[in-house]
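These are the residues of each chain, in order.
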Amino acid sequence: MHELRTQLTHDDASDSQIFSGDQKIWNAVSSHLQELLSPDAFQRWFDGAECAEISQNEIKIAVPSDIHQVWIETNFMPELQAAVSKVLDASVVSKVIVAGSEDFTLEGGSDQDTSEHSVSLPVADQLSLEKKLRTVGLNPLFNFKRFVVGQNSEFAHAACTAVASGSGVSYNPLFIHGGSGLGKTHLMQAVGNRMLAENPNAKVVYLTSEKFTNEFIDSVKKGDLDKFRRRYRKADVLLIDDIQFLAGKERSQEEFFHTFNTLLDLQSQIVLTSDRPACEIKKFEPRLISRFESGLTVETQSPRMETRVAILQKKMEDWDVELSDEVIRFLAERIRSNVRRLEGALVRLATYASLGGSSITIERAETLLRDILREEGAKQVSIDAIQKIVSEHFDVRLADMSSRRRPANIAFARQVAMYLSRKMTQSSLMEIGDAFGGRDHGTVIHAVKKVESRMGKESMVRDTVDLLDAMLQR
């Protein structure tokens, strides 16, 4: 299974262990990929792809356009990774890039600069910066210029901008939390991109918490812990995505705790993202949670209607796509949960239009997006609906959901409603608190923890919450 890689390593290995453009590898990967995809899907999305670069840990697949990149990353990464693992091995990560992106300015043209500062940089410096960004693992497209700011993200955007410019010195660590597809990774990487644009010699380290854990385990097995620590404990900026995945990993948490303290002592900047507030991450050491909360915590929320429209308009401009205002408003009204799904819907419609299909009408959009719209509609549960169902089940007045009355039966019903609101809606802690009579976010967090505790100990409570959940999903 690894003979191609072995041959490549012996024949073409350089000092840096990077191998460029080997068509034999891609031919083998393509062969396996065709077994996993329909002929139409392979021809449409992979026919123009080629192997751009291979290292010991990564293979870069170049595709013809941004739309190809987004579509493959959204729909076919598991199949691509499986095919690569067949030819190379499971430790080699697949990455999709746009062909020619490293031979031009940061966004492939002089009028579309990835870095906010790249306009003033000579072409050679821009190329050097992009190489640096990709070496670090940062996506050059994830910058502040391309981030559409709305009320849902203006605080998080402002905090990240301050940290990136060095004026947010007290925002350490910066902890960004929010649901999937709401811009956390974009903002975090924008911090790294800006810092490297202003100081190319800065030691910026970006990785996921899963990669941190895997590298830590590997260094322990190899007896090379000192090298691991030198890499992470001497960073000027440490960016860690999805920190919640350290939950339950005691030795990794211990290592990260000491790394965290060392970097703070050195006054290095730390930025973390999570899908929930630090205090809601289960199986996490209290001392780590207290450190996460010692800096600045910001939340990215679901974008409002006008922001969703602006995001779609920005993407149409970036991708040179034209859809009617009517269709754009339809997308913005029907897809509310996260930006990633919104962009995926736009890619699907744009691809259909580019392949010579009939013009995109609302009726055509509904047909092409029926699976996305069905899933989106199934998840639209409101706080009002939760309060109504819970009050009826516990036989309390609907008004008691937001009242200051505290008899045990009312207090617990209210806590259950807060718990379900936190789990089943995209509302922030503050928005949930407001819906329950102007309570603060600490009260909501306490309610969530209280219900989770009782669910773990009392089967009757667990069954009740499961029943209410099922009723609301119907």
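Check the entry above for the structure.
Presented here is a report on the structure given in the accompanying data block. Computed from a predicted structure; not experimentally measured.

Structural notes on the packing of aromatic side chains
Item 1. The full count for this structure, using the stated rule, is 13 aromatic pairs.
Item 2. Its guanidinium or amino end placed over the ring of Phe257, Arg287 lies 3.8 Å from that ring's centre, counting from NZ or CZ.
Item 3. The ring of Phe412 has Arg454 sitting right over it, with the charged end atom 4.2 Å from the ring centre.

Observations concerning helix α19 (residues 408–424)
Item 1. In this model α19 runs 24 Å from its N-terminal to its C-terminal C-alpha over 17 residues, within 8% of the 24 Å that 1.5 Å per residue would give.
Item 2. Burial runs high along α19: 13 of the 17 residues are buried.

As for the packing of helix α18 (residues 383–394) against α19
Item 1. Orientation of α18 relative to α19, taken along the N-to-C sense of each, is 145°, at an axis distance of 9 Å. Crossing of α18 against α19: the hand is right-handed. Contacts between α18 and α19 pair Ile383, Ile386, Val390 and Phe394 from the former with Phe412, Ala413, Val416, Ala417, Leu420, Ser421 and Met424 from the latter.
Item 2. Of the residues that constitute the contact of α18 with α19, the class distribution is 10 nonpolar, one polar and no charged.

Thoughts on unusual backbone geometry
Item 1. Here the residue pair Asn172 and Pro173 is connected by a cis peptide bond, since its omega of 5° sits within 30 degrees of zero.
Item 2. Summarising the element assignment, Pro173 is placed in the loop between α7 (154–165) and β5 (174–178).
Item 3. Of note in the backbone geometry, Gln267 takes a positive phi value of approximately 60° without being a glycine.
Item 4. In this fold, Gln267 is placed in the loop between α11 (250–265) and β8 (269–274).
Item 5. Take Gln267: its relative accessible area is 73%, and that puts it in the exposed class.
Item 6. Unlike most non-glycine residues, Lys283 shows phi in positive territory, near 55°.
Item 7. By secondary structure assignment, the location of Lys283 is in the loop between β8 and α12 (286–292).

Observations concerning the pairing of strand β3 (residues 58–63)
Item 1. Judged by how many residues are buried, β3 sits mostly within the fold: five of six residues are covered.
Item 2. Here four bridges tie strand β2 (residues 50–54) to β3, and the two strands are oriented antiparallel to one another. Note on β3: the bridge partner recorded for Glu53 is Lys60.
Item 3. Following β2, the chain reverses through three residues before pairing antiparallel with β3.
Item 4. The pairing of β3 with strand β4 (residues 93–98) spans six bridges and is parallel. Residue pairing across strands places Glu58 opposite Val93, the latter belonging to β4.

What about the side chain of Ser219?
Item 1. By the element assignment, Ser219 lies in helix α9 (residues 209–222).
Item 2. Dropping the residues within four chain positions of it, Ser219 is found in contact with Asp224, Leu225 and Phe228.

Topic: helix α10 (residues 225–233)
Item 1. Phe228, Tyr232 and Arg233 are the residues of α10 that are buried. Down the axis of α10, the buried side of the element spans an arc of 105°, and every buried residue falls inside it. Among the exposed residues of α10, those pointing more than 90 degrees away from its buried face are Asp226 and Lys227.
Item 2. Buried-residue contacts for α10 involve β6 (204–208), α9, β7 (237–241) and α11.

Remarks on the sheet that holds β5
Where strands meet in a sheet, backbone hydrogen bonds hold them as pairs that are either parallel or antiparallel.
Item 1. The parallel open sheet is built from five strands, whose spatial order is β6-β7-β8-β5-β9. Looking at strand neighbours, the two that pair on one side only are β6 and β9 (296–300), the edges of this open sheet. The mean angle between the axes of side-by-side strands here comes to 15°, regardless of whether they run parallel or antiparallel.
Item 2. The pairing of β5 with β8 spans four bridges and is classified as parallel. Looking across to β8, one finds that Ile176 is bridged to Thr273.
Item 3. Lying on the sheet, α9 is in contact with β6 and β7; it crosses β6 at an angle near 95°.

About the thresholds
Residues numbered from 1 in each chain as written. Predicted model: local features only at pLDDT ≥ 70, side-chain atom pairs only at ≥ 80, totals over all residues. Heavy atoms only, no water. Phe/Tyr/Trp six-rings, centres within 6.5 Å; stacked < 30°, edge-to-face > 60°. Lys NZ or Arg CZ within 6 Å of the ring centre and 35° of its normal. Helix = DSSP H or I, 4+ residues; strand = E, 2+ residues; numbered from the N terminus. Expected span 1.5 Å × (residues − 1). Buried < 20%, exposed > 50% of the residue type's maximum accessible area, 1.4 Å probe, protein only. Axes fitted to C-alpha atoms, helices over the stretch in contact; angles between N-to-C directions. Left-handed = near helix turned anticlockwise from the far one by under 90°. Contact = heavy atoms within 4.5 Å. Nonpolar A, V, L, I, M, F, W, Y, C, P; charged D, E, K, R; others polar. Pairing = 2+ DSSP bridges. Arc of directions from axis to C-beta.

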